[in-house]
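Here is what each chain is made of, one letter per residue.
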Amino acid sequence: MAQGNEMHPRNPYRDKPPDFKALAIEYPEFRKFCQYVSNGKVTLDFRKDAAVRCLTQTLLKKDFSLNVNLPAGHLVPRVPQKLNYCLLIDDILQANSITSNVVGIDIGTGTSCIHALIGARHFGWKFVATDGDENSVQVAHENVARNEMGDSICVVHVNPAVKTVLMDVINSMPDSEFSFCMCNPPFFEKSDKEERFCEEPSLSNETYSNSFDFDMRSAPHSETIASSAELYVEGGEVAFVNRIIDDSVCLRDRIKFYTTMIGRKSSLKPLLHRLERFGENVKFLVHPLNQGKTKRWMLAWTFAKEMTLNTALKNSSISFQCPKPGLVKLMQEISRLGGRWSQEQPSVLVAEFKSVTWTNQRARRKANALLSENSAKRARWNTSSVACEAMMGNGDGKDSYTNAGNFVYSESFKTSDPAAVDTSSQAYFPLPSGVTPRPIVRLRIQVESDDKCDKLSFELISGAKQHLHQIVQYLKNLLCR
Ligand SMILES: C[S@@+](CC[C@H](N)C(=O)[O-])C[C@H]1O[C@@H](n2cnc3c(N)ncnc32)[C@H](O)[C@@H]1O
């Protein structure tokens with residue numbers, strides 16, 4: 001099992017990976033999946049679904065005193081990663097002094113009910129755990145009952161065909177206050193599923209596996225067997241998370257923090273774009289949720305004015321050294337990029353940017369040139385939109401250089417009908433004069449000098465961590481050459 005210091009500092013698996021030898025001695029069931037290798041170590045074949053399932057069950061038993069049934073044919077959750085996600089939520093709660101009567105919603109809890117079980121057992125939170133699959137709800141319910149946690153976790157079946165994800169649950173509990181929601185959405189669209197997964201005949205015709213990939217590409221690090229409902233949703237995870245965002249716009253601070261796991265890096269951009277357009281009303285952050293080679297992210301946002309997300313970004317400071325006078329050159333470069341800076345203290349700057357100007361400089365120049373030519377209209381899909389959602393944003397319109405055409409944001413999701421798409425567009429309207437758009441990223445930059453050089457340390461105040469990294473890399477290239 002891959003570990004690493006990318007794990008949460010409070011995650012006990014960070015510095016102490018599971019000791020397979022000790023587990024094999026203590027748990028005979030687990031021992032069946034272990035092999036002794038020549039140096040006396042014990043290994044586990046991660047490509048075998050049953051071995052990974054047994055490891056998860058054993059860790060839940062040993063480290064959380066949880067007795068959990070994980071039926072074959074369903075996703076096997078990875079305990080260290082799930083704990084990481086819960087710890088990040090705990091950071092946010094602690095930073096906002098939400099320490100008692102914590103109630104969370106686990107959207108799509110699956111058969112394992114893993115988020116709710118770990119959250120309730122380890123952190124003392126209460127949960128409403130939902131799922132759209134009746135069989136998963138049944139197994140999750142049994143897992144809760146087996147661990148006598150019915151007082152803390154209520155498992156609810158929801159209709160997956162309903163467009164909203166949270167609304168019905170919240171409306172059915174008008175007197176409850178919710179601290180957060182969490183979710184591990186189905187990642188894939190149908191087309192992805194067919195490309196990456198094959199039907200697993202030994203289980204059921206609703207179960208998919210990537211273990212058949214061997215002849216197509218290199219063997220997977222670990223086999224993924226999952227039910228169709230766990231893998232696939234119309235429009236993939238972007239569409240699913242957009243449904244949570246839609247609900248959050250209506251529900252506002254009925255839930256203090258909205259969080260979700262994101263499985264694909266490419267999903268972050270359209271989702272962040274979407275949240276950015278809510279301007280001052282929303283705060284959000286992206287935080288990596290890595291476990292070894294598997295990269296995931298947590299996206300969190302809040303509409304509650306009094307809440308902060310900054311503390312979870314504590315470890316976001318990065319620094320580099322550059323020749324003097326770093327501060328002066330820094331101010332010039334920020335201005336050149338269209339950013340603004342103010343001096344918080346003599347050696348501390350706060351810089352803010354209202355659009356992404358530090359990436360794709362060459363592409364931007366090219367797009368600019370194209371736009372100034374009398375180019376033909378962009379091709380549109382030869383389909384009709386079955387559902388169209390329009391958002392009036394307050395951006396600066398610069399993103400219309402992208403293939404979103406004249407829209408700040410426009411995304412089409414395939415539907416089961418090949419001639420129909422579900423379209424979400426956010427149109428650019430110039431701001432009325434006197435209204436300033438909200439910065440997409442704010443940074444605090446501290447300058448420490450010695451005789452030879454300046455050390456610049458960058459801390460994210462608000463915005464996406466990936467922007468911090470991109471800006472630092474961009475400035476480093478300029479100031480250190
Ligand atoms: C990737 S699985 C996550 C399972 C579990 N939470 C975990 O992390 O291992 C996604 C789950 O979302 C459920 N789901 C799909 N659509 C849903 C909806 N509209 N509302 C609630 N759950 C849904 C699926 O049935 C599936 O159990």
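Residues numbered from 1 in each chain as written. Predicted model: local features only at pLDDT ≥ 70, side-chain atom pairs only at ≥ 80, totals over all residues. Heavy atoms only, no water.

The name an unreviewed UniProt entry assigns to the protein chain is U6 small nuclear RNA (adenine-(43)-N(6))-methyltransferase, from the organism Caenorhabditis nigoni. Of the protein chain, the UniProt comment under Sequence similarities (unreviewed entry) reads exactly: "Belongs to the methyltransferase superfamily. METTL16/RlmF family." UniProt, in its Subunit (unreviewed entry) section for the protein chain, records the words "Self-associates. Interacts with dlc-1; the interaction is direct, and is required for nuclear localization of mett-10." (UniProt positions renumbered as here; feature names shortened; annotations may be inferred.)

Taken together, 20 residues lie around the ligand, and Lys-82, Gly-108, Asp-131, Asn-184 and Glu-230 are the ones closest in. When contributions to the shell around the ligand are tallied by element, the ones reaching two or more residues are β4 (126-131), α10 (228-231) and α11 (236-251). A breakdown of the residues in the shell around the ligand according to their chemical character gives eight nonpolar, seven polar and five charged. (Near = heavy atom within 4 Å. Helix = DSSP H or I, 4+ residues; strand = E, 2+ residues; numbered from the N terminus. Nonpolar A, V, L, I, M, F, W, Y, C, P; charged D, E, K, R; others polar.)

A word on the pairing of strand β19 (residues 441-449). Bridging between strand β15 (residues 348-353) and β19 involves six bridges; their strand directions are antiparallel. Bridging from a neighbouring strand, Ala-351 pairs with Leu-443 of β19. As paired strands, β19 and strand β20 (residues 453-462) are joined by eight bridges and run antiparallel to one another. When the bridges of β20 are listed, Ser-449 appears paired with Asp-454. Where β19 hands over to β20, the hairpin turn is made up of three residues, counted between the paired strands. (Pairing = 2+ DSSP bridges.)

Our focus in this paragraph is the sheet that holds strand β14 (residues 340-345). Taken in spatial order, the five strands of this open sheet run β13-β20-β19-β15-β14, and their pairing is antiparallel. Where the open sheet ends on each side, the last strands, each with one partner, are β13 (318-323) and β14. On average, adjacent strands in this sheet sit at an angle of 25 degrees to one another, irrespective of strand direction. This element, helix α15 (residues 465-479), spans β13, β15, β19 and β20 of the sheet and lies at about 10 degrees to β13. (Axes fitted to C-alpha atoms, helices over the stretch in contact; angles between N-to-C directions. Contact = heavy atoms within 4.5 Å.)

Mapped onto the present numbering, the UniProt feature "binding site: S-adenosyl-L-methionine" (unreviewed entry) falls at Lys-82, Gly-108, Asp-131 and Asn-184. By the secondary structure assignment, Gly-108 is in the loop between β3 (103-107) and α6 (114-123). Looking at Gly-108, the relative accessible area reads 32%, which means it is partly exposed. Dropping the residues within four chain positions of it, Gly-108 is found in contact with Thr-130 and Asp-131. Of note, Asp-131 is situated in strand β4. For Asp-131, a relative accessible area of 11% translates into the label buried. Beyond its immediate sequence surroundings of up to four residues, Asp-131 is in contact with Gly-108, Thr-109, Gly-110, Ser-136, Val-137, Val-156, His-157 and Val-158. A distance of 2.9 Å separates a polar atom in the side chain of Asp-131 from the backbone nitrogen of Gly-110. (Buried < 20%, exposed > 50% of the residue type's maximum accessible area, 1.4 Å probe, protein only. Polar contact = N/O pair within 3.5 Å; in protein donor to acceptor, adjacent residues only side chain to side chain.)

Further remarks concern the sheet that holds strand β11 (residues 283-288). Here seven strands make up an open sheet; going across it, the order is β5-β4-β3-β6-β10-β12-β11 and the pairing mixed. Here the strands that pair on one side only, and so sit at the sheet edges, are β5 (153-157) and β11. On average, adjacent strands in this sheet sit at an angle of 15 degrees to one another, irrespective of strand direction.

Scanning the entire structure with this criterion turns up 11 aromatic pairs. With 5.9 Å between their ring centres and 55 degrees between their planes, Phe-20 and Phe-30 make a pair best called tilted. Pair noted here: Phe-20 is in helix α2 (residues 20-26) and Phe-30 is in helix α3 (residues 28-31), with a separation of 10 residues, a long-range link. The pair Phe-20 / Phe-30 is uniform in exposure class, with both members buried. On the numbers, 6.5 Å between centres and 85 degrees between planes, the contact of Tyr-258 with Phe-303 is edge-to-face. Here Phe-303 lies in the loop between β12 (297-302) and β13 and Tyr-258 lies in strand β10 (residues 255-262), a separation of 45 residues in the sequence. Like Phe-303, Tyr-258 is buried. Through a chain of ring-to-ring contacts, the aromatic side chains of Phe-123, Trp-125, Phe-127 and Phe-180 assemble into a single cluster. (Phe/Tyr/Trp six-rings, centres within 6.5 Å; stacked < 30°, edge-to-face > 60°.)

Turning to the packing of helix α13 (residues 326-336) against α15, a few remarks are in order. Running from amino to carboxyl end, α13 crosses α15 at an angle of 125 degrees, the nearest separation of the two axes being 11 Å. Here α13 is positioned oblique relative to α15, judged by the angle of their axes. Relative to α15, the crossing made by α13 is right-handed. Contact residues: α13 offers Lys-329, Leu-330, Glu-333 and Arg-336, while α15 offers Tyr-474, Leu-475, Leu-478 and Leu-479. Broken down by class, the residue content of the contact of α13 with α15 amounts to five nonpolar, no polar and three charged. (Parallel < 35°, antiparallel > 145°, perpendicular 65-115°, else oblique. Left-handed = near helix turned anticlockwise from the far one by under 90°.)

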